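Listed here are the chains, written in short residue letters.
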Amino acid sequence: MTPLRVIIIDDEPLAINVLKNYVEQVSQLELVQTFSNAIDANLFLQENEVDIIFLDINMPILDGLNFLQSLHVAPMIVITTAHEEYALKSFELEVIDYLVKPIPFPRFLKAVNRIISLKQGATNSGYSTNEKPSIFVKVDKKKLQKIFIDEIVVVESLKDYIRIKTTSAKYIIHKTLGSFTDELPSDRFLRIHRSYTIAIDKVESIEGNSLEVDGIRYTIGRSYLNEAKSRILNDSIT
């Protein structure tokens, strides 16, 4: 696999050095350039292609989110910030991951492995993804976003909205959990709580009245418990 071309945009020299060191530890990554502001990075991207941008948010003149919105064709974006409150907005802009400083190397590596997996999957399929089952959802009121069924991990209820977490991004759409769950293949997805529907094949462990998916533990509602355990355990056996 050709190394993925990386740039880092951050106005803190220490943060750049940490990420630079992390990138150098991963043979599949090639650090092309670092920038202390988004304006210089924007000029560079007008003439150069990259695969990944590690992007800070709070920067002078042009912040990370406004920079991201200005890109016509965005590479894979990993947000690196000391602030947790921008996560929802970032995922609405379809970033790959959101890393909160100080960033541990294992967490950085998890984000990189996700990107490598996505890149390899695209290469192996020759970018012919039409054969994979997918569903279109409306995001940002007018945009129709294709989501591949086998990439959906968890769907979470947010009252009149739902958050769809996939292996590569998160989406907020205006729909109820029940109606969206009905659109998913019933043999692959399971409602475990009034607030959660999970992909059965993404369950990592079950303990008591909870299960773990993608490193996060979710409570199984009392009325869903027997069916959830039966479905998940039977699926793992078959």
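Just above, that's the structure.
Since we're looking at a predicted model, the values are computed, not measured.

Novice: Please explain helix α2 (residues 38-45) as it appears in this structure.
Specialist: Since the α-helix advances by 3.6 residues per turn, residues separated by three or four positions end up pointing in the same direction. Residues of α2 that are buried include every one of Ala 38, Ala 41, Phe 44 and Leu 45, and no others. When α2 is viewed along its axis, its buried side chains cluster within an angular range of 115° and face the same direction. Buried residues in α2 make contact with β1 (4-9), β2 (29-35), β3 (52-55) and α3 (64-70). N-cap assignment for α2: the residue whose side-chain oxygen lies 3.1 Å from the backbone N of Ile 39 is Asn 37.

Novice: Any chance you could explain the packing of aromatic side chains here in plain terms?
Specialist: Each aromatic ring pair is summarised here by two numbers: the centre-to-centre distance and the angle between the ring planes. All chains considered together, the criterion is met by 7 aromatic pairs. Relative to Tyr 98, the ring of Phe 91 has its centre 6.3 Å away and its plane inclined at 40°; by these criteria the two rings are tilted. Take Phe 91 and Tyr 98: they sit in the same class, and that class is buried. Put simply, the rings of Tyr 22, Phe 54, Phe 105 and Phe 108 pair up and form one aromatic cluster. The lysine or arginine in question, Lys 170, covers the ring of Phe 91, its NZ or CZ lying 4.9 Å from the ring centre.

Novice: Honestly, the environment of Val 153 in this entry has me stumped. Any pointers?
Specialist: By secondary structure assignment, the location of Val 153 is in strand β8 (residues 152-158). Separated by 50 residues in sequence, Val 153 and Val 203 place their C-alpha atoms 8.8 Å apart. Apart from residues lying up to four places away in sequence, Val 153 is in contact with Lys 165, Thr 166, Thr 167, Thr 197, Ile 198, Ala 199, Lys 202, Val 213 and Asp 214.

Novice: What exactly am I supposed to notice about the side chain of Thr 197 here?
Specialist: With respect to the secondary-structure elements, Thr 197 resides in strand β12 (residues 196-199). Judged by relative accessible area, Thr 197 falls into the buried class, the value being 1%. A distance of 2.8 Å separates a polar atom in the side chain of Thr 197 from a polar atom in the side chain of Thr 181.

Novice: Looking at this model, I keep getting lost on the environment of Phe 189. Mind explaining?
Specialist: With respect to the helices and strands, the residue Phe 189 is situated in strand β11 (residues 189-193). With relative accessibility at 7%, the residue Phe 189 sits in the buried group. Note: C-alpha distance between Phe 189 and Ala 199 (10 residues apart in sequence) is 4.6 Å. Setting aside anything within four residues of it in sequence, one finds Phe 189 in contact with Ile 149, Ile 152, Leu 184, Thr 197, Ile 198, Ala 199, Ile 200 and Arg 231.

Novice: Please explain the sheet that holds strand β14 (residues 210-213) as it appears in this structure.
Specialist: Within a sheet, each strand pairs with its neighbour through backbone hydrogen bonds, oriented either parallel or antiparallel. Read from one edge to the other, the open sheet built from 3 strands follows the order β13-β14-β15, with strand pairing classed as antiparallel. Bordering the open sheet on either side are β13 (203-207) and β15 (216-219), each of which pairs with just one other strand. Neighbour-to-neighbour, the strand axes of the sheet open up by a mean angle of 25°, direction not taken into account.

Novice: Sorry if this is basic, but what is going on with the pattern of salt bridges here?
Specialist: For side chains bearing opposite charge, pairing can occur when the charged atoms are close. This structure, assessed with the given rule, holds 12 salt bridges. Put simply, Glu 156 and Arg 163 hold a salt bridge, and the shortest N to O gap is 2.7 Å. Residue Arg 163 is classed as partly exposed on the basis of its relative accessible area of 23%. Here Lys 175 makes a salt bridge to Glu 183, at a shortest N to O gap of 2.7 Å. By relative accessible area, which is 26% here, Lys 175 ends up partly exposed. A relative accessible area of 39% places Glu 183 in the partly exposed class.

Novice: Would you take a moment to explain helix α1 (residues 13-24) for this structure?
Specialist: If you check α1, its first and last C-alpha atoms are 16 Å apart, about what 12 residues at 1.5 Å a residue would give, namely 16 Å. Inspection of α1 places Ala 15, Ile 16, Leu 19, Tyr 22 and Val 23 among the buried residues, and these make up the whole buried set. Seen from one end, α1 has its buried residues packed into an arc of 125°, which puts them on one side. For α1, the exposed residues lying more than 90 degrees away from the buried face are Pro 13, Leu 14 and Glu 24.

Novice: Whenever I open this one, the layout of surface pockets confuses me. Can you help?
Specialist: Here the idea is plain: a probe the size of a water molecule rolls over the atoms and shows the empty space left. Looking at the second largest pocket, its volume works out to about 310 Å³. Lining the second largest pocket are 15 residues; nearest its centre among them are Lys 138, Val 139, Asp 140, Ile 172 and Ile 173. The set of elements that each furnish at least two residues to the lining of the second largest pocket consists of α4 (87-92), β6 (134-139) and β10 (170-173). Each residue belonging to the lining of the second largest pocket can be placed in one class, and the counts come to 8 nonpolar, 1 polar and 6 charged.

Basis of the calculations
- Residues numbered from 1 in each chain as written.
- Predicted model: local features only at pLDDT ≥ 70, side-chain atom pairs only at ≥ 80, totals over all residues.
- Heavy atoms only, no water.
- Buried < 20%, exposed > 50% of the residue type's maximum accessible area, 1.4 Å probe, protein only.
- Helix = DSSP H or I, 4+ residues; strand = E, 2+ residues; numbered from the N terminus.
- Arc of directions from axis to C-beta.
- Contact = heavy atoms within 4.5 Å.
- Polar contact = N/O pair within 3.5 Å; in protein donor to acceptor, adjacent residues only side chain to side chain.
- Phe/Tyr/Trp six-rings, centres within 6.5 Å; stacked < 30°, edge-to-face > 60°.
- Lys NZ or Arg CZ within 6 Å of the ring centre and 35° of its normal.
- Pairing = 2+ DSSP bridges.
- Axes fitted to C-alpha atoms, helices over the stretch in contact; angles between N-to-C directions.
- Salt bridge = Lys/Arg side-chain N within 4 Å of Asp/Glu carboxyl O.
- Expected span 1.5 Å × (residues − 1).
- 1 Å grid on protein atoms, 1.4 Å probe; cavity = no way out; pocket = protein on both sides within 12 Å on 5 of 7 lines; lining within 4 Å.
- Points joined across faces, edges and corners; volume = space filled by probe spheres on them.
- Nonpolar A, V, L, I, M, F, W, Y, C, P; charged D, E, K, R; others polar.

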